[in-house]
Amino acid sequence: MRRLMSGFGLKKLANGINRLPTIVAVVIFSALGALLNSQVSPGFMLNKANLSLVAGVFLTILIITVFYDLMRGYYLKKRFGVKSKLRTHALGLITALLMIIVSRVANFLPGYMYGIFTGLIYASSLNDEQDGEGLAAATWFLIGLAFIGWFALIPVKAAASAQDPSFLILTVQAMLSSLWTSTLTLLVFGMIPMRFLYGEQVKKWNRNGW
């Protein structure tokens, strides 16, 4: 995986971005992730519909960052007194690229979308069980948000089906749709109990919870 990241120059890119202020780094990585994820749409072209897709996915990645990393950091601080710092990582870009390839090869529509482009660096030691508990809590936060977004998508989708919908409506529709898709991708792939995936820590914390 390290060779793959080096081959694409993503590790060097990530290190350079991480030298920037956290909020700037997150915005840049979210934009890169949105551009990558937008390629799951066959025949992507620069028009209102596709630009709204990029904008919607961009907002989705920012939302996932807040709920999956910042909320997890807050939970770990309150639960175990462990402070953390948000950091972007190139592995998320590689995973997003792989999801695009899988979607295109298998002809999945709307395709698998990946939204985890950040991680936490802890100021003090944190064992696997504690990390797994924090990941489980953050996952439930995200699942709840995705369900709310799913129901909110019903009226938004109806508005987007009207003649000549606004860019805002199309963006909100893309955001809600990609939030649901990204959450499902996280559950299907991110929670696999394998090394380097979040599922490994969650299973170490609680097999039943996993």
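The structure presented is a predicted model; accordingly, all values stated were derived computationally and were not measured.

*Asks:* Explain the overall build of the chain to me, please; I cannot follow it from the model alone.
*Replies:* Per the secondary structure count, the chain includes 8 helices and 2 strands. Counting from the amino terminus, helix and strand elements in the chain follow one another as α-α-α-α-β-α-β-α-α-α. Within the chain, the proportion of its 210 residues that are buried is 42%. Within the chain, contacts between residues separated by at least 24 positions form 75% of all contacts whose residues are at least 6 apart in sequence. Surface summary for the chain: the accessible area is close to 11500 Å², and the carbon and sulfur share equals 66%.

*Asks:* Looking at this structure, I do not really get unusual backbone geometry. What am I missing?
*Replies:* Negative phi is the rule for most residues except glycine; trans is the rule for most peptide bonds. The phi angle at Asp164 is positive, at roughly 50°, despite the residue not being glycine. Looking at where Asp164 falls in the secondary structure, it is placed in the loop between helix 6 (128-160) and helix 7 (167-190).

*Asks:* Sorry if this is basic, but what is going on with a nonpolar patch on the surface here?
*Replies:* A contiguous nonpolar patch, built from Leu20, Ile23, Val24 and Val27 and spanning about 310 Å² of accessible area, is present on the exposed surface. By the secondary structure assignment, Ile23 is in helix 3 (residues 22-37). Taking relative accessible area as the criterion, Ile23 reaches 59% and is therefore assigned exposed.

*Asks:* Please explain the nonpolar core as it appears in this structure.
*Replies:* One recurring pattern in soluble globular proteins: nonpolar side chains tend to sit buried together. Ile64, Tyr68, Leu135, Ala136, Ala138, Leu142, Leu145, Leu179, Leu186, Met191, Tyr198 and Val202 together form the largest nonpolar core, which totals 12 residues. Of all the secondary structure elements, the ones that give two or more residues to this core are helix 4 (48-80), helix 6, helix 7 and helix 8 (198-205). Here the element with the most residues in this core is helix 6; it accounts for 5 residues. Core analysis: the second largest hydrophobic core is formed by 6 residues, Ala34, Leu53, Val57 and Ala174 among them.

*Asks:* When you look at the side chain of Thr139 in this model, what are you seeing that I'm missing?
*Replies:* Its place among the elements puts Thr139 in helix 6. Contacts of Thr139, omitting those with residues within four sequence positions, involve Tyr68, Leu187 and Met191.

*Asks:* Help me understand helix 6 in this model?
*Replies:* Since there are 3.6 residues in each turn of an α-helix, residues three or four apart along the chain are aligned in direction. Across its 33 residues, helix 6 extends 44 Å between first and last C-alpha, which sits within 8% of the 48 Å expected from 1.5 Å per residue. Its maximal kink placed at Leu153, helix 6 deviates by approximately 35°, while the proline Pro155 follows within four residues. Taking the backbone nitrogen of Glu129 as reference, a side-chain oxygen 3.1 Å away marks Asn127 as the first, capping residue of helix 6.

*Asks:* What is the right way to read the packing of aromatic side chains from this model?
*Replies:* Remark: the centre distance and the inter-plane angle together describe each pair of aromatic rings, the angle taken between the planes. Taken as a whole and assessed by the stated rule, the structure comprises 2 aromatic pairs. Centroid distance Phe147 to Trp180: 5.3 Å. Interplanar angle 75°. Geometry classified as edge-to-face. Highlighted residues: Phe147 in helix 6 and Trp180 in helix 7, separated in sequence by 33 residues. With a relative accessible area of 41%, Phe147 lands in the partly exposed category. An angle of 35° between the planes, with centres 5.0 Å apart, marks the rings of Trp150 and Trp180 as tilted. Placement of Trp150 in helix 6 and of Trp180 in helix 7 is noted, with a sequence separation of 30 residues between them.

Criteria and thresholds
- Residues numbered from 1 in each chain as written.
- Predicted model: local features only at pLDDT ≥ 70, side-chain atom pairs only at ≥ 80, totals over all residues.
- Heavy atoms only, no water.
- Helix = DSSP H or I, 4+ residues; strand = E, 2+ residues; numbered from the N terminus.
- Buried < 20%, exposed > 50% of the residue type's maximum accessible area, 1.4 Å probe, protein only.
- Contact = heavy atoms within 4.5 Å.
- Areas by Shrake-Rupley, 256 points an atom, 1.4 Å probe, with all protein chains shown as cover.
- Patch = residues over 30% accessible without salt bridge, like charges linked within 9 Å, V, L, I, M, F, W, Y side chains within 5 Å.
- Salt bridge = Lys/Arg side-chain N within 4 Å of Asp/Glu carboxyl O.
- Core = buried A, V, L, I, M, F, W, Y, C linked by side-chain atoms within 4.5 Å.
- Expected span 1.5 Å × (residues − 1).
- Bend = angle between axes of the 7 residues up to and from the residue.
- Polar contact = N/O pair within 3.5 Å; in protein donor to acceptor, adjacent residues only side chain to side chain.
- Phe/Tyr/Trp six-rings, centres within 6.5 Å; stacked < 30°, edge-to-face > 60°.

Without other data, these values stay purely geometric and don't point to any function.
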